[in-house]
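An overview of the molecular structure
Chain by chain, the residues run as shown.
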Amino acid sequence: MNIFLRYAAETTNLPNHFRTIAYDARILYILSGRGELDYGGERAPLEPCGLCYYPPGVPYYPRSVSAEPMRFVTLNFDFTREYAAVTDTQLPVPESACDSARLMRTHERCGEALFHAPFVTDAPALHDVMRQIAREFQSYGAHGRERAAALLQYALYRLCDQAEDARGGLYRRTLDYLEAHYAEPLDNRAIARALSYHPNYLNAAFKRESGATLHRFLRSLRLQKAARLLRESDMTVAEIARAVGFENADHFSAAFSRQYGLSPTMYRRRGALI
């Protein structure tokens, strides 16, 4: 990729009330508010930290659906610099008025299959980057625009990494994180923050791979660790509860009994022959 950034701004303006088509590639990054996007025959909710990408030629229509209008970063760009001489903003046109000969299909030559089709994804790790792209482009002249283009190129590669994570790497990273930190106070939000993902996205991605929610998997992992300590240590039940991340010994004992069919004390007495 050798990005040419044609336009970048932070705005609340959604001027169109119908499906339009852009001649270059587009990104909307939602900063606040909520909405909905109709794109390429699909429909997706828009929430803070949501990123929408659509290549040239894809009909789209974003709209706010709450009392608070969406605030977002909007980007118009090419994946290569072959159209760098076209510096005007390239306003989108109604779907029925699109001239296919004008489409700048640089996405087909960018080397990343991810960008061949439109998509919507959570990208909380790119929040500050997207705002910086808009600031650089709007405030610092030619040099700022080059810096903004470089930041966008970085963001696009981060999206590629995120997509690769979604195909299995993220699941393995989450397992490794839980194995290393299960004894700490954790909830979905803390786990997602550590891995730079939106908690809803991470929980859904993890459940697709494991069949269990983050909360349920973490609880089961803690109980497995507790069972081992009951077999191999002389720690008290309360000490084990704290060691595996339970704040309350009664809560730990109830959860352990549900998973193993025995209280922690009975499990230890029976020699863990289960």
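Notes on the structure in this doc start here.

**A look at the overall build of the protein**
On a plain count of helices and strands, the protein comes out with eight helices and ten strands. Against the compact-globule benchmark of 19 Å for 274 residues, the protein has a radius of gyration of 24 Å, which places it well outside the compact range. Viewed in the frame of its principal axes, the protein has a C-alpha envelope of about 80 × 35 × 30 Å. When each of the 274 residues of the protein is scored for burial, the buried share is 45%. Put simply, 74% of the contacts in the protein that link residues at least 6 apart link residues at least 24 apart. Surface summary for the protein: the accessible area is close to 13,900 Å², and the carbon and sulfur share equals 48%.

**Observations regarding the nonpolar core**
In this structure, Leu5, Leu51, Leu75, Phe77, Phe79, Phe115 and Leu156 are the most contacted members of the largest nonpolar core, which totals 32 residues. Looking at this core, the elements that each hand over two or more residues are strand 1 (4-11), strand 3 (25-32), strand 6 (50-54), strand 8 (71-78), helix 1 (127-139) and helix 2 (141-181). Take this core: its biggest share by element is seven residues, from helix 2. Sequence-distant contacts of phenylalanine 115, defined by excluding residues within four places in its chain, comprise Met1, Tyr53, Pro55, Phe79, His107, Cys110, Leu156, Leu159 and Cys160.

**A look at the side chain of glutamate 136**
Residue position: glutamate 136 is located in helix 1. A distance of 2.9 Å separates the side chain of glutamate 136 from the side chain of arginine 147, its partner in a polar contact.

**Here's the deal with helix 7 (residues 249-260)**
Because an α-helix completes one turn every 3.6 residues, residues spaced three or four positions apart along the sequence face the same direction. With twelve residues, helix 7 extends 16 Å from end C-alpha to end C-alpha; this agrees with the ideal 16 Å at 1.5 Å per step. Looking only at helix 7, the buried set comprises Phe252, Ala255 and Phe256. One side of helix 7 holds all its buried residues, which, seen down the axis, span an arc of 100°. Within helix 7, the exposed residues directed more than 90 degrees away from the buried face are Asp250 and Arg258. Between the side-chain oxygen of the N-cap and the backbone nitrogen of aspartate 250 there are 2.8 Å, and the N-cap of helix 7 in question is asparagine 248. Remark: glycine 261 follows helix 7 within two positions and exhibits a positive phi of approximately 75°.

**Here we look at the packing of aromatic side chains**
Within this structure, the stated rule accounts for 15 aromatic pairs. Measuring from ring centre to ring centre gives 6.2 Å for tyrosine 7 and phenylalanine 137, while their planes differ by 75°; the resulting arrangement is edge-to-face. Taken together, the positions of tyrosine 7 in strand 1 and phenylalanine 137 in helix 1 put the pair 130 residues apart, joining distant regions of the chain. Taking the relative accessible area as the measure of exposure, phenylalanine 137 reaches 4% and is therefore buried. Plain terms: the ring middles of tyrosine 53 and phenylalanine 115 are 5.4 Å apart, the flat faces sit at 75° to each other, and that makes the pair edge-to-face. A residue pair is termed long-range when its members are at least 10 positions apart, and tyrosine 53 in strand 6 and phenylalanine 115 in the loop between strand 9 (93-94) and strand 10 (119-122) qualify at 62 residues. One exposure class covers both tyrosine 53 and phenylalanine 115, and it is buried. Joined through ring pairs, the aromatic side chains of Tyr53, Phe77, Phe79, Phe115 and Phe119 make up one cluster. Over the ring of phenylalanine 137 we find arginine 145; its NZ or CZ atom is 4.2 Å from the centre of that ring.

**Digging into the pairing of strand 6**
Buried residues dominate strand 6, accounting for five of its five residues. Bridge analysis of strand 3 against strand 6 gives four bridges, and the strand direction is antiparallel. Within strand 6, the residue paired with leucine 28 across the bridge is cysteine 52. Here strand 6 pairs with strand 10 via four bridges, running antiparallel. Across the sheet, tyrosine 53 pairs through a bridge with phenylalanine 119, a residue of strand 10.

**A short note on the layout of surface pockets**
Taken as a whole, the second largest pocket spans an internal volume of roughly 210 Å³. For the second largest pocket, the full set of lining residues is Ile30, Ala44, Pro45, Leu46, Glu47, Gly50, Val120, Thr121, Asp122, His198, Asn200 and Tyr201. For the lining of the second largest pocket, the elements supplying multiple residues, two or more each, are strand 5 (42-46), strand 10 and helix 4 (199-210). In terms of residue class, the lining of the second largest pocket is built from six nonpolar, four polar and two charged.

**Some points on the sheet that holds strand 8**
Pairing in this open sheet of five strands is antiparallel, and the strands run 1-8-3-6-10 from one edge to the other. Here the strands that pair on one side only, and so sit at the sheet edges, are strand 1 and strand 10. With direction set aside, neighbouring strand axes in the sheet form an average angle of 15°. In terms of strand pairing, strand 1 meets strand 8 through seven bridges, oriented antiparallel.

Cut-offs used in this document
Residues numbered from 1 in each chain as written. Predicted model: local features only at pLDDT ≥ 70, side-chain atom pairs only at ≥ 80, totals over all residues. Heavy atoms only, no water. Helix = DSSP H or I, 4+ residues; strand = E, 2+ residues; numbered from the N terminus. Rg over C-alpha atoms; globule rule 2.2 N^0.38 Å. Buried < 20%, exposed > 50% of the residue type's maximum accessible area, 1.4 Å probe, protein only. Contact = heavy atoms within 4.5 Å. Areas by Shrake-Rupley, 256 points an atom, 1.4 Å probe, with all protein chains shown as cover. Core = buried A, V, L, I, M, F, W, Y, C linked by side-chain atoms within 4.5 Å. Polar contact = N/O pair within 3.5 Å; in protein donor to acceptor, adjacent residues only side chain to side chain. Expected span 1.5 Å × (residues − 1). Arc of directions from axis to C-beta. Phe/Tyr/Trp six-rings, centres within 6.5 Å; stacked < 30°, edge-to-face > 60°. Lys NZ or Arg CZ within 6 Å of the ring centre and 35° of its normal. Pairing = 2+ DSSP bridges. 1 Å grid on protein atoms, 1.4 Å probe; cavity = no way out; pocket = protein on both sides within 12 Å on 5 of 7 lines; lining within 4 Å. Points joined across faces, edges and corners; volume = space filled by probe spheres on them. Nonpolar A, V, L, I, M, F, W, Y, C, P; charged D, E, K, R; others polar. Axes fitted to C-alpha atoms, helices over the stretch in contact; angles between N-to-C directions.

In short, geometric facts, not functional conclusions.
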